[in-house]
Amino acid sequence: MTTPARSDQTPSPTTHPKSVPLGVAAIGYAFMGKAHSNAWRNVASFFNVPAFEQKVLVGRDASAVAEAAAKYGWAESATDWRSVIERDDIHIIDVCAPGWMHAEIAIAALEAGKHVLVEKPLANTLAEAELMTAAAAEARARGVQSMIGFNYRRVPALALARELIAEGRLGTIRHVRAAYLQDWLSDAESPMSWRLRRETAGSGALGDIASHAIDQIQYLTGQTALEASGMLKTFVTERPGPGGPEAVTVDDAVWATFWLTGDLGASVEASRVATGQKNSLKIEVYGTAGSLMFDLENLNELQFLDATAPVREQGFRRILVNEPEHPYLEAWWPQGHIIGWEHTFTHQIRDFLTAIAAGESPSPSFEDGLQVQRVLDAVETSAKNKSTITAVEHNSLIAEGA
Ligand code: SOE
């Protein structure tokens, strides 16, 4: 449980002098720590952002995190995140640690008056996500900002898709389909890791990658899930662990359907055992006046169908999202010089810093992260009870399973 913030003793960053660079500390130096470090290292070369310094990279293994800090451009390394968040020269905490650490670190950092960016999903449980969101709301009142790292919102093609939908170019959206397929766990001999234990990951494909698809469905359409129905499956029930075979306690794959506000239907499929699919996020949006298709493996492109065009000319056409007029692109290279997956993290850090400098709440907020967590929880409840969940907010059953 979090203790109420000591507002009288918690520094307020709104008084942060512009002349003093924002001190940044990142917690975690594995895959996401590396992706975020790369973004911190290059964002100021391409975007106008407030001055900041990569001060500390935090990890549990002193020698490994020291090596990573030197490699990724951090001034120093540390092994105790609690002492780092108490430092006066640290103003931003970037949480790249495994899901089971998100709540404790983010809440402590917010209470210490630090702006917080946390990787998705917000937490391992709905209860943790609610505590984090309450802490974020309290901190925001003190000028302390927070953001969740759904980085695919920063793919220019998906940001353009959202703009086109918001402008009405697709008319009324009827349904959305999203599939996020990977195969790094297809081999039953792939060893155990924190991502395969419920106590450290919360869930498997559901929280790890379906969370991205669920966020995208809500982000692209501006609607929120009301009803959820889902199935979860663990195909490989035990894997080689440090002390011999160990039970896998999270899902390998998830199938879910949703009704959203706006009378909109959606389906999400996510798997980490889809043999041959490496990091394939495909999204399709179908409206009364047009449709869109996106494929992460071709992330510079958006397929757009304008159903108001004469039928003889209709068809999905490829928009190469690489013009200066497209979101984020004017900062990079001349048109047609495409960008990659890692650029989405640079865009994310740019938006986070820009919001902090403006004293505004970055998007997506912890509230957005909590909404996704409610949907994840509703899918799990539906799968467990073999039923359809309604009122995602209240996570109550509407129909007992057969
Ligand atoms: C899972 O392997 C993973 O690393 C996710 O955790 C990330 O969020 C996704 O962007 C890539 O795949």
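Residues numbered from 1 in each chain as written. Predicted model: local features only at pLDDT ≥ 70, side-chain atom pairs only at ≥ 80, totals over all residues. Heavy atoms only, no water.

Asks: I'd like a rundown of the pattern of salt bridges, residues and numbers included.
Replies: Applying the stated criterion across every chain, the model contains 19 salt bridges. The residue Lys55 makes a salt bridge to Glu53 at a minimum N-O spacing of 3.0 Å. The class for Lys55 is buried, based on a relative accessible area of 18%. One salt bridge connects Asp208 with Arg195, and the closest N-O pair in it is separated by 3.0 Å. Of this pair, Asp208 sits in helix α8 (residues 205–221) while Arg195 is found in the loop between β7 (173–181) and α7 (198–201), placing the two residues 13 residues apart along the sequence. (Salt bridge = Lys/Arg side-chain N within 4 Å of Asp/Glu carboxyl O. Buried < 20%, exposed > 50% of the residue type's maximum accessible area, 1.4 Å probe, protein only. Helix = DSSP H or I, 4+ residues; strand = E, 2+ residues; numbered from the N terminus.)

Asks: Can you break down empty space enclosed by the protein residue by residue, with the values?
Replies: With the rule as written, the count across this model stands at one cavity of 30 Å³ or more. What the largest cavity holds in volume is close to 30 Å³. The wall of the largest cavity is formed by Leu158, Ala161, Leu220, Ile283, Val285, Leu292, Met293, Phe294 and Leu302. When contributions to the lining of the largest cavity are tallied by element, the ones reaching two or more residues are α6 (156–166), β13 (280–287) and β14 (290–295). With three residues, the top contributor of residues to the lining of the largest cavity is β14. (1 Å grid on protein atoms, 1.4 Å probe; cavity = no way out; pocket = protein on both sides within 12 Å on 5 of 7 lines; lining within 4 Å. Points joined across faces, edges and corners; volume = space filled by probe spheres on them.)

Asks: How would you sum up a nonpolar patch on the surface? Please name residues and give values.
Replies: A contiguous nonpolar surface patch, about 320 Å² in accessible area, is contributed by Met231, Phe235 and Trp255. Among the structural elements, Met231 can be located in strand β8 (residues 225–233). (Patch = residues over 30% accessible without salt bridge, like charges linked within 9 Å, V, L, I, M, F, W, Y side chains within 5 Å. Areas by Shrake-Rupley, 256 points an atom, 1.4 Å probe, with all protein chains shown as cover.)

Asks: Describe the site of the ligand, naming the residues involved and giving the relevant values.
Replies: The ligand sits among Phe31, Lys120, Tyr152, Tyr180, Gln182, Trp184, Arg195, Asp208, His212, Asn279 and Trp341. A distance of 2.7 Å is found between an oxygen atom of the ligand and a side-chain nitrogen or oxygen belonging to Tyr152. Arg195 has a polar side-chain atom sitting 3.2 Å from an oxygen atom of the ligand. Coverage of the ligand by the protein amounts to 93% of the 310 Å² it exposes when considered alone. Residues that form the shell around the ligand fall into these classes: five nonpolar, three polar and three charged. Counting residues domain by domain, the shell around the ligand receives three or more from each of domain 1 (13–152) and domain 2 (153–336 + 366–390). (Near = heavy atom within 4 Å. Polar contact = N/O pair within 3.5 Å; in protein donor to acceptor, adjacent residues only side chain to side chain. Nonpolar A, V, L, I, M, F, W, Y, C, P; charged D, E, K, R; others polar. Domains from an automatic or database assignment.)

Asks: Account for the domain arrangement of the chain, naming residues and giving values.
Replies: Parsing the chain into structural domains produces domain 1 (13–152) and domain 2 (153–336 + 366–390). Inter-centroid distance (C-alpha atoms) of domain 1 to domain 2 is 25 Å. Facing the 31 residues of domain 1 at the interface are 34 residues of domain 2. Approximately 2600 Å² of surface area, both sides summed, lies buried where domain 1 meets domain 2, with 67% of it carried by carbon and sulfur atoms. Seen at the junction of domain 1 and domain 2, the total is two salt bridges. Measuring nitrogen to oxygen at the nearest pair gives 2.9 Å for the salt bridge that ties Arg140 to Glu367. Viewed at the interface, domain 2 and domain 1 are joined by 14 residue pairs in polar contact (both at pLDDT 80 or more). At the level of secondary structure, the elements contributing two or more residues to the side of domain 1 that touches domain 2 comprise α1 (31–46), α4 (102–111), β5 (115–119), α5 (126–140) and β6 (146–149). Counting residues per element, the side of domain 1 that touches domain 2 draws most heavily on α5, at eight residues. (Contact = heavy atoms within 4.5 Å. Buried area = accessible area lost by both parts, 1.4 Å probe.)

Asks: Can you explain the pairing of β5? Please cite residues and give values.
Replies: Of all five residues in β5, five are buried, a share of seventy percent or more. Going residue by residue along β5, you find His115, Leu117 and Glu119 tucked away on one face and Val116 and Val118 tucked away on the opposite face as well. Alignment of strand β4 (residues 92–95) against β5, held across four bridges, turns out to be parallel. Across the sheet, the residue bridging to Ile93 is Val116, located in β5. Of the crossover connections in this fold, the one passing from β4 over α4 to the parallel β5 is right-handed. Strand direction decides the pairing type here: β5 and β6, joined by four bridges, are parallel. For Glu119, the partnering residue across the bridge sits in β6 and is Gly149. After leaving β5, the chain enters α5 and then returns to the sheet as β6, a path that is right-handed. (Pairing = 2+ DSSP bridges. Right-handed = clockwise from strand over helix to strand, strands pointing away.)

Asks: Can you tell me about the environment of Asp183, naming the residues and giving the values?
Replies: Checked against the element boundaries, Asp183 lands in the loop between β7 and α7. With a relative accessible area of 14%, Asp183 lands in the buried category. Every residue in contact with Asp183, bar those within four places of it in the chain, is listed here: Arg272, Val273, Ala274, Thr275, Gly276, Gln277 and Lys278.

Asks: A description of α6 should follow, citing residues and the corresponding values.
Replies: Helical periodicity: at 3.6 residues per turn, an α-helix aligns residues three or four positions apart in one direction. Across the eleven residues that make up α6, a large majority, eight, are buried. Among the residues of α6, those classed as buried are Pro156, Ala157, Leu158, Ala159, Leu160, Ala161, Leu164 and Ile165. At the C-terminal side of α6, Gly168 shows a positive phi close to 85°.

Asks: For the environment of Leu376, give the residues involved together with the corresponding values.
Replies: In this structure, Leu376 sits in helix α10 (residues 366–385). For the pair formed by Leu376 and Ile319, sequence separation is 57 residues and the distance between their alpha carbons is 32 Å. Residue contacts for Leu376: discarding those within four places in its chain leaves Pro121, Leu206, Gly207, Ser211 and Ile214.

Asks: Mind laying out α8, listing which residues take part and the relevant values?
Replies: Between the first and last C-alpha of α8 there are 23 Å, a value that for 17 residues agrees with the 24 Å anticipated at 1.5 Å per step. Where burial is concerned, most of α8 is hidden: 17 out of the 17 residues are buried. Phi for Gly222, located one or two positions after α8, is positive at around 75°. (Expected span 1.5 Å × (residues − 1).)

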